[in-house]
Amino acid sequence: EAEEHHRNGDIAGAETWARRALADAPQEPAILNLMGVLADLRFDLVAATTAYGRALARDAYNTMIFGNLAGTLSRYGLVEPAIRIGRRTLAMIPADQTAHNNTAQALKAGGFVEESLLAYRRTIAIAPTSALHSNLLFTMSYDDRVTSEALFAEYRRWEDLYARPLYRPDRRHANSVDPERRIVVGYVSQDFRDHPLG
């Protein structure tokens, strides 16, 4: 119930249900983790880190909880502890995709672009996904040693791996082909609300 409220953007409702669940299972890592996520959404750093700490005390190898904690710390500008947490997680679970990704994000936030790129590449080697590869591409834009040609080549690689299999060359569009028609343009981005792109 708490997760459903969370998915629907109802933080207060999610917290109400999470507290009820926590009353029945006060040491359940998944509930404590959710409490941390919800506190982070309310910009309550102390409550979030406390909840994550309690969750990790019960489930010390849970990379999702470590990742949430590192992400919270990074958002508050506490990049060094986030990087330490990421490296600690990798020391415990060196082949974990989530740990590499979280560490890469913290390193990027701290300005350690070269090390961040290396972590992203390791993550992609473990479990390639379009989202992880997108993170790599985004981070490459911050590396002044990456040439435009190299960046473009990596974008083409992303296209070949993830976009090209979805192409439908036989698809016909129903819109008018009149060159004088009015064109309607739509912009789609996950970043309009929390990014300078907006």
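Quick note: structure is the one above.
Scope of this entry: the structure provided in the associated data block. Just so we're clear, the structure is a prediction, and the values are computed from it rather than from any experiment.

Quick notes on the packing of aromatic side chains
Between two aromatic rings, the relevant description is the distance of the centres plus the angle of the planes. Under the definition given, this model contains two aromatic pairs. Centroid distance Trp158 to Tyr162: 5.6 Å. Interplanar angle 55°. Geometry classified as tilted. Of this pair, Trp158 and Tyr162 both sit in helix H10 (residues 148-163), four residues apart, which is roughly one turn of that helix. Assessed through its relative accessible area of 24%, Trp158 is described here as partly exposed. The buried category is assigned to Tyr162, whose relative accessible area is 18%.

Remarks on the nonpolar core
Counting residues in each nonpolar core, the largest one holds 26 residues, and the members touching the most others are Tyr52, Leu69 and Ile85. Breaking this core down by element, the ones donating at least two residues are helix H2 (11-24), helix H3 (29-41), helix H4 (45-58), helix H5 (63-75), helix H6 (79-92) and helix H7 (97-109). Core analysis: the second largest hydrophobic core is formed by 11 residues, Val113, Leu132, Leu136 and Leu137 among them.

Focus: H3
An ideal rise of 1.5 Å per residue puts 18 Å on 13 residues; H3 measures up with 18 Å between its terminal C-alpha atoms. Where burial is concerned, most of H3 is hidden: 11 out of the 13 residues are buried. Turning to H3, its buried residues are Pro29, Ile31, Leu32, Asn33, Leu34, Met35, Gly36, Val37, Leu38, Ala39 and Asp40. Following H3 by one or two positions, Phe43 has its phi on the positive side, about 60°.

A word on a nonpolar patch on the surface
A surface patch of nonpolar side chains, amounting to about 500 Å² of accessible area, comprises Ile183, Val185, Tyr187 and Phe192. The class for Phe192 is partly exposed, based on a relative accessible area of 40%.

Structural notes on the packing of H7 against helix H9 (residues 130-140)
Interaxial distance between H7 and H9 falls to 12 Å at its minimum, and their mutual angle equals 20°. Between H7 and H9, the crossing angle belongs to the class labelled roughly parallel. Judged by the twist between their axes, the crossing of H7 over H9 is left-handed. Contacts from Gln97, Asn101, Gln105 and Lys108 in H7 reach Leu132, Asn135, Phe138 and Thr139 in H9.

Some points on the packing of H5 against H6
H6 packs onto H5 with a crossing angle of 165° between their chain directions and a minimal axis gap of 7 Å. Taken together, the axes of H5 and H6 lie roughly antiparallel to each other. Relative to H6, H5 is oriented so that their crossing is left-handed. Contact with H5, carried on its side by Thr63, Phe66, Leu69, Ala70, Leu73 and Ser74, involves Val79, Pro81, Ala82, Ile85, Arg88, Thr89 and Met92 of H6 and no other residues of that element. Looking at the contact of H5 with H6 residue by residue, the classes come out as nine nonpolar, three polar and one charged.

Thoughts on the environment of Arg84
Positionally, Arg84 belongs in helix H6. Judged by its relative accessible area of 54%, Arg84 falls in the exposed class. As a C-alpha pair, Arg84 and Leu107 span 23 residues in sequence and 9.8 Å in three-dimensional space.

Rules of the game
Residues numbered from 1 in each chain as written. Predicted model: local features only at pLDDT ≥ 70, side-chain atom pairs only at ≥ 80, totals over all residues. Heavy atoms only, no water. Phe/Tyr/Trp six-rings, centres within 6.5 Å; stacked < 30°, edge-to-face > 60°. Helix = DSSP H or I, 4+ residues; strand = E, 2+ residues; numbered from the N terminus. Buried < 20%, exposed > 50% of the residue type's maximum accessible area, 1.4 Å probe, protein only. Core = buried A, V, L, I, M, F, W, Y, C linked by side-chain atoms within 4.5 Å. Expected span 1.5 Å × (residues − 1). Patch = residues over 30% accessible without salt bridge, like charges linked within 9 Å, V, L, I, M, F, W, Y side chains within 5 Å. Areas by Shrake-Rupley, 256 points an atom, 1.4 Å probe, with all protein chains shown as cover. Salt bridge = Lys/Arg side-chain N within 4 Å of Asp/Glu carboxyl O. Axes fitted to C-alpha atoms, helices over the stretch in contact; angles between N-to-C directions. Parallel < 35°, antiparallel > 145°, perpendicular 65-115°, else oblique. Left-handed = near helix turned anticlockwise from the far one by under 90°. Contact = heavy atoms within 4.5 Å. Nonpolar A, V, L, I, M, F, W, Y, C, P; charged D, E, K, R; others polar.

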